[in-house]
Amino acid sequence: MVNYIHVSMGTGMVALGVMIQMRAGLVSFGQGLYFCVGGYAAGMTAKFLGISDLFVLLAIGVVAALILSAILGFLLRRYREIFYAMLTLAISMILFGLLSSTEELGSTDGFNLPTPTYLGWAPTGEVGRITLYILTCFIAIGCAIALNRFLKSPIGYVNEAIRENELRVEYLGTSAHKAVHITYMLAAVVSSIGGVLWSLVLGHVDPEMTNWTTSGQFVFVSILSGIGNVAAPLIGTFILEIVRVYAVEISPNTWQMILGSVMLLTIIFLPKGLWSLLTRKKKSKPQQTASAPAAGE
Amino acid sequence: MLTAIAITVDGLGFAAWLFLSSVGLTLIYGVMRILNIAHGGFYALGAYSSAWAIGLYATTGSPIVFSFLLIPLAALIAGLASGLLVERGVLKFMYGRDEVLMVLVTYAIFLILEDATKLIWGTESYVAWQPAFHFGTIDVFDIPYTVYKFIIISVAIIVGIALYFVLNKTRVGKLLLVVIEDREISAALGINVTKFFTVTFVVGAVLGALGGAITAPEISVSPGIGAEIIVLSFAVIVIGGMGSIGGAMIGALIVGFARAASVHLYPPAELFSIYLVMAAVLAVKPYGLFALAESRKI
């Protein structure tokens, strides 16, 4: 059970990255890119420089994602809707192709990561597992809180306005491009943190991390859980992990079919995701009618 | 010199295959504004059913020439059945939803179709080399090529011309262009928009299945080919401008030649050369080469 939570924390952070972009109406079909960048940056630092300190690896993963997303942001911020989805997908597939054909990095097999150390302290076995687990939890919750603050900040609100009507945002004198750029970079950073932690838990990275099917699953989680709250993607990933594990157990060949059906049913019956089950109960009547037209958009 | 010829012929071969696999996708997007990820599923269904039918046919010992007929037949049956099922069964209830949400709906359908093929045909791979082998090879400047490659190229050209003719020269095609221009007005004028949608989707599905069926003799059909073709098709139609048949043709040629060039000149680049080209084109022309300008709505 602890292992499920642990793994889903890592991927959950990537789903968080997808979710904050979705707030702006942008669906990234290539968020696996930063998941992979984080994982590979950490892995390569450990492999070539022999550093296994968790905090150093995290910092390197974040820096790599920041640089890459700052550059790519200039290209991506011009695109909306389906083109954004397509272009993010294309870029992540470039990395997939690059990594798959790089022999030094194990091509399609990837390579292994060492057990992380913490500022000189090198716990092994059970203690090491639990330490990493607790740290992952703290970091994931920290990221969620930070992103929650971001969504409540002016730029966070501009994102929602972009989703509703971008032209009006520009008429109001705010740069939609800048807001999208910042959101994209933030999403990249969380995703890379998720990538670093996930790879350290599994002790392995491979190009599959940036394949579009992986990215598709992050989008799936964000749809399943909804974009109502930062906690939603983390819980959603956990539910997905459970669904996946049991689906694979019940029918190894058709778990994708089960996943697809769950996804279809969610879109049909819960257009705003699982989180809407909670808010529906919590919200008082007048507020609900106020938000109803937005739901129909 | 030899390399140049090899790149030309291989590029054309790739382009024909890409065009056949992606033209259905661009057609569906052009008419219905649905980016149909399930297209990869149709492709896989077509490939599997054609490989399976040819394999079955070969065991009977009948003349191989007729096995060619099985390819369009398999594509037609697989495309018709799955296309109708998906459109009437699922998509019908989703029209009018957000474009991006439709991507996810078709992604879910893709996942279901993937496993449906696994359920029907198992996880082992199928090889149906007989038709490709039957006609033997032909030498182009001392480089042997299978005649089958040239058959695929001709089929792609025929499909392209047929689509152009139907869209531009017939009454149905003109009505379809009206539907694309303005859905609501055409419905108000008495055009049966729903029927156009169903037919377009099924035609798109059949074309996708044909792409798979015709390639089946050249490759080993195994799980995962659907996921592979879908990103390639995206690259093709995004480069050309989504929804444009001519764009799909140009996109297929660009991607086909890029791939052939990287195969012959620098093999490690094969996997990502396509996406590199795509990113380069999009950086210059954000909505593809032949995309129509759309007005921003306030």
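None of the values given here were measured: they were computed from a predicted structure.

Looking at the overall build of chain A
Point 1. Across its full length, chain A carries 13 helices and two strands.
Point 2. Each principal axis of the C-alpha distribution contributes one length, and for chain A these read about 55 × 45 × 35 Å.
Point 3. Sequence separation of 24 or more characterises 80% of the internal contacts of chain A that already satisfy a separation of 6 or more.
Point 4. Approximately 12,600 Å² of chain A is accessible, and the part contributed by carbon and sulfur atoms is 67%.
Point 5. Mean positive and mean negative side-chain charge positions of chain A (18 and 15 charges, respectively) differ by 15 Å.

Observations regarding the overall build of chain B
Point 1. A count of helices and strands for chain B gives 12 helices and four strands.
Point 2. When its C-alpha atoms are laid out on the principal axes, chain B stretches across 60 × 45 × 35 Å.
Point 3. For chain B, buried positions account for 54% of its 298 residues.
Point 4. Look at the contacts in chain B between residues 6 or more apart in sequence, and 78% of them connect residues 24 or more apart.
Point 5. As displayed, chain B offers around 12,900 Å² of accessible surface, 70% of which is attributable to carbon and sulfur atoms.

Section: the side chain of Thr-117 of chain B
Residue and element names in this part refer to chain B.
Point 1. As for its position among the elements, Thr-117 is in helix α4 (residues 99-121).
Point 2. Among the residues examined, Thr-117 registers a relative accessible area of 4% and is labelled buried.
Point 3. Setting aside anything within four residues of it in sequence, one finds Thr-117 in contact with Ala-44, Leu-45, Tyr-48 and Gly-122.

Thoughts on the pattern of salt bridges
All names here are of chain B.
Point 1. This model, assessed by the stated rule, comprises three salt bridges over all chains.
Point 2. Where Arg-88 meets Glu-87, a salt bridge forms, and the shortest distance between an N and an O atom there is 2.9 Å.
Point 3. Between Lys-118 and Asp-115 there is a salt bridge; the shortest N-O distance is 3.5 Å. Remark: Asp-115 and Lys-118 occur in helix α4; sequence separation between them is three residues, near one turn of the helix.

Examining the packing of aromatic side chains
Point 1. Following the criterion strictly, the structure yields eight aromatic pairs over all chains and no others.
Point 2. Both rings, one in Phe-35 of chain A and one in Phe-218 of chain A, keep their centres 5.3 Å apart while their planes meet at 80°; by these two values the pair is edge-to-face. On the criterion of sequence distance, the pair formed by Phe-35 of chain A in helix α2 (residues 32-49) and Phe-218 of chain A in helix α9 (residues 212-225) is long-range, its members being 183 residues apart.
Point 3. Under the relative-accessibility criterion, Phe-218 of chain A is labelled buried at 5%.
Point 4. Three or more aromatic residues link up through ring pairs in this structure, and these residues are Phe-29 and Trp-212 of chain A together with Tyr-107 and Phe-110 of chain B.

Focus: the state of the cysteines
Residue and element names in this part refer to chain A.
Point 1. In total, this model carries zero disulfides over all chains according to the counting rule given.
Point 2. Distance from the sulfur of Cys-36, which forms no disulfide, to the nearest cysteine sulfur (Cys-143) is 19 Å.
Point 3. The buried category is assigned to Cys-36, whose relative accessible area is 0%.
Point 4. With no disulfide partner, Cys-137 has as its closest neighbouring cysteine sulfur the one in Cys-143, 12 Å distant.

A short note on the interface of chain A and chain B
Point 1. The interface of chain A with chain B comprises 42 residues on the first partner and 43 residues on the second.
Point 2. Taking both partners together, chain A and chain B bury about 4,000 Å²; carbon and sulfur atoms supply 78% of that area.
Point 3. For chain A, the biggest contributors to the area lost against chain B are Ile-82, Trp-212 and Gln-256 of chain A; these three give 16% of the whole.
Point 4. In this structure, the connection of chain A to chain B is made through zero salt bridges.
Point 5. Across the chain A-chain B interface, the total number found is two residue pairs in polar contact (both at pLDDT 80 or more).
Point 6. Every element with two or more residues in the side of chain A that touches chain B is listed here: α4 (81-100), α7 (166-171), α9 and α11 (255-269) of chain A.
Point 7. Considering each element in turn, the side of chain A that touches chain B owes the most residues, 12 residues, to α4 of chain A.

Considering the nonpolar core
Point 1. Of all hydrophobic cores here, the largest spans 189 residues; its most connected members are Phe-29, Ile-193 and Trp-212 of chain A together with Leu-35, Ile-37 and Ile-109 of chain B.
Point 2. Setting aside residues no more than four positions away along its own chain, Phe-29 of chain A makes contact with Ala-85, Thr-88, Leu-89, Trp-212, Ser-215, Gly-216 and Val-219 of chain A together with Ile-37, Val-103 and Leu-104 of chain B.
Point 3. Judged by nonpolar contacts, the second largest core, of six residues, contains Ile-5, Ala-6, Val-140 and Tyr-145 of chain B.

So, the packing of α9 of chain A against α4 of chain B
Point 1. At a minimum axis separation of 11 Å, α9 of chain A and α4 of chain B run at an interaxial angle of 115°. In the packing of α9 of chain A onto α4 of chain B, the handedness of the crossing is left-handed. Listed contacts from α4 of chain B to Trp-212, Thr-213, Gly-216, Gln-217, Val-219 and Ile-223 of chain A of α9 of chain A are Leu-101, Leu-104, Tyr-107 and Phe-110 of chain B.
Point 2. For the contact of α9 of chain A with α4 of chain B, a count of residues per class yields seven nonpolar, three polar and no charged.

Some points on the side chain of Glu-114 of chain B
Point 1. Looking at the element boundaries, Glu-114 of chain B is found in helix α4.
Point 2. As a buried residue without a salt bridge, Glu-114 of chain B has its nearest oppositely charged side chain in Lys-118 of chain B, at a separation of 5.2 Å.
Point 3. With near-sequence residues (within four places) excluded, Glu-114 of chain B lies in contact with Gln-256 of chain A together with Gly-224 and Gly-226 of chain B.

Remarks on the pairing of strand β2 (residues 137-140) of chain B
All names here are of chain B.
Point 1. Across four bridges, the pairing between β2 and strand β3 (residues 143-146) is antiparallel. Opposite Ile-138, over in β3, you have Tyr-145 as the bridge partner.
Point 2. Turn length for the β2-β3 hairpin, with the two strands adjacent in sequence and antiparallel, is two residues, and the turn residue Phe-141 shows positive phi of about 45°.

Looking at the confidence of the model for chain A
Residue and element names in this part refer to chain A.
Point 1. Considering every residue of chain A, the mean pLDDT works out to 78; 92% of them sit at 70 or more.
Point 2. Per-residue pLDDT, averaged within each element of chain A, yields its smallest value for helix α13 (residues 285-296) (43) and its largest for helix α8 (residues 176-202) (86).
Point 3. A low-confidence stretch, residues 284-297 (pLDDT under 50), is modelled with four contacts involving residues beyond four sequence positions or located in other chains.

Reading the values: rules and limits
- Residues numbered from 1 in each chain as written.
- Chains lettered and ligands numbered in written order.
- Predicted model: local features only at pLDDT ≥ 70, side-chain atom pairs only at ≥ 80, totals over all residues.
- Heavy atoms only, no water.
- Helix = DSSP H or I, 4+ residues; strand = E, 2+ residues; numbered from the N terminus.
- Contact = heavy atoms within 4.5 Å.
- Areas by Shrake-Rupley, 256 points an atom, 1.4 Å probe, with all protein chains shown as cover.
- Lys, Arg positive; Asp, Glu negative; His and termini not counted.
- Charge placed at Lys NZ, Arg CZ, Asp CG, Glu CD.
- Buried < 20%, exposed > 50% of the residue type's maximum accessible area, 1.4 Å probe, protein only.
- Salt bridge = Lys/Arg side-chain N within 4 Å of Asp/Glu carboxyl O.
- Phe/Tyr/Trp six-rings, centres within 6.5 Å; stacked < 30°, edge-to-face > 60°.
- Disulfide = S-S within 2.5 Å.
- Buried area = accessible area lost by both parts, 1.4 Å probe.
- Polar contact = N/O pair within 3.5 Å; in protein donor to acceptor, adjacent residues only side chain to side chain.
- Core = buried A, V, L, I, M, F, W, Y, C linked by side-chain atoms within 4.5 Å.
- Axes fitted to C-alpha atoms, helices over the stretch in contact; angles between N-to-C directions.
- Left-handed = near helix turned anticlockwise from the far one by under 90°.
- Nonpolar A, V, L, I, M, F, W, Y, C, P; charged D, E, K, R; others polar.
- Pairing = 2+ DSSP bridges.
- pLDDT = per-residue confidence, 0-100.

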